[in-house]
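Report on the structure
The lines below spell out each chain.
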Amino acid sequence: MPVYDLGYKPYQGIRHGASHNAWVLIRQGTRRDWGSVLVKIAVFSSFLPILWPAGKRVFAMFTGARALELVHEDLELATDLRKLSGWLLLWVFGIALGAGARAISDDLRTKAFQFYFSKPTTPQQYAIGRVVPVAFFVFLVMFGWSLVLTLLGVFLDPRGMHLQDLGLLFPSA
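Residues numbered from 1 in each chain as written. Predicted model: local features only at pLDDT ≥ 70, side-chain atom pairs only at ≥ 80, totals over all residues. Heavy atoms only, no water.

1. Remarks on the overall build of the protein
Scanning the protein for helices and strands turns up 9 helices and 0 strands. Beginning at the N terminus, the succession of helices and strands in the protein can be written as α-α-α-α-α-α-α-α-α. Split into buried and exposed, the 173 residues of the protein put 35% on the buried side. Once local pairs closer than 6 in sequence are excluded, the contacts in the protein between residues at least 24 apart make up 76%. Approximately 11400 Å² of the protein is accessible, and the part contributed by carbon and sulfur atoms is 70%. (Helix = DSSP H or I, 4+ residues; strand = E, 2+ residues; numbered from the N terminus. Buried < 20%, exposed > 50% of the residue type's maximum accessible area, 1.4 Å probe, protein only. Contact = heavy atoms within 4.5 Å. Areas by Shrake-Rupley, 256 points an atom, 1.4 Å probe, with all protein chains shown as cover.)

2. A short note on the pattern of salt bridges
All chains considered together, the criterion is met by 1 salt bridge. Between Asp80 and Lys56 there is a salt bridge, with its nearest N and O atoms 3.2 Å apart. Placement of the pair is Asp80 in helix α5 (residues 77-109) and Lys56 in helix α3 (residues 51-63), with a sequence separation of 24 residues. Judged by relative accessible area, Asp80 falls into the buried class, the value being 5%. (Salt bridge = Lys/Arg side-chain N within 4 Å of Asp/Glu carboxyl O.)

3. Remarks on the nonpolar core
Residues Val43, Ile95, Val141 and Leu149 are the most contacted members of the largest nonpolar core, which totals 18 residues. When residues of this core are assigned to their parent elements, the largest contribution, 8 residues, is made by α5. (Core = buried A, V, L, I, M, F, W, Y, C linked by side-chain atoms within 4.5 Å.)

4. Some remarks on the packing of aromatic side chains
Under the defined criterion, the tally for this structure stands at 4 aromatic pairs. Look at Phe139 and Phe143: their rings are 5.1 Å apart centre to centre, the planes differ by 10 degrees, and that puts the pair in the stacked class. One end of the pair, Phe139, and the other, Phe143, are both in helix α7 (residues 123-155), 4 residues apart, so they sit about a helical turn from each other. Judged by relative accessible area, which is 47%, Phe139 ranks as partly exposed. (Phe/Tyr/Trp six-rings, centres within 6.5 Å; stacked < 30°, edge-to-face > 60°.)

5. Some thoughts on helix α1 (residues 20-34)
In a regular helix each residue adds 1.5 Å, so 15 residues correspond to 21 Å; α1 covers 22 Å between its end C-alpha atoms and thus fits that length. If you check which residues of α1 are buried, you get Asn21, Ala22, Leu25, Ile26, Gly29, Arg32 and Asp33. Buried residues along α1 cover an arc of 135 degrees about the axis, so they all sit on one side. Away from the buried face of α1 by more than 90 degrees, exposed residues Trp23 and Arg31 are located. (Expected span 1.5 Å × (residues − 1). Arc of directions from axis to C-beta.)

6. Thoughts on the environment of Ser146
Turning to its location among the elements, Ser146 is positioned in helix α7. A sequence separation of 65 residues divides Ser146 from Leu81, and the C-alpha atoms of the two residues are 6.6 Å apart. Polar side-chain contacts of Ser146 include one of 2.8 Å to the backbone oxygen of Met142. (Polar contact = N/O pair within 3.5 Å; in protein donor to acceptor, adjacent residues only side chain to side chain.)

Structure follows, in structure tokens:
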């Protein structure tokens, strides 16, 4: 079969500016980071540290005033949020190890730098494309479970300190 000279064919797609490269790198980096087994394990098992503080609140709500006297000192939401953040740092370490540590090293190993920088991509856009996906998964784990525990503390607080406990949402972000 002969190869025909088709001549010059203009580009038919949508043209984006150079600033669009960062979004493409973020999208591609998020997909690559989610492909890591360690990131999936860390995200899916990150509910474990919230079981104890959430269980205490549900227990205190369903058992009534007598049990509330037993766990009254133990229902401090700020203390539980601080402890939860400490425990979640272990899961953040797994995310950083599974996604962050291999982001640039894989590009070095596969010689992808030539591909990325042959396009009009700046080093800042490349760094944003590697850091933002890792930060997204860290934010998802840290703020997501802090939000759940804060809302549980607000709605299940038998002491009536709902608005004060809701104020803890902002420092947890």
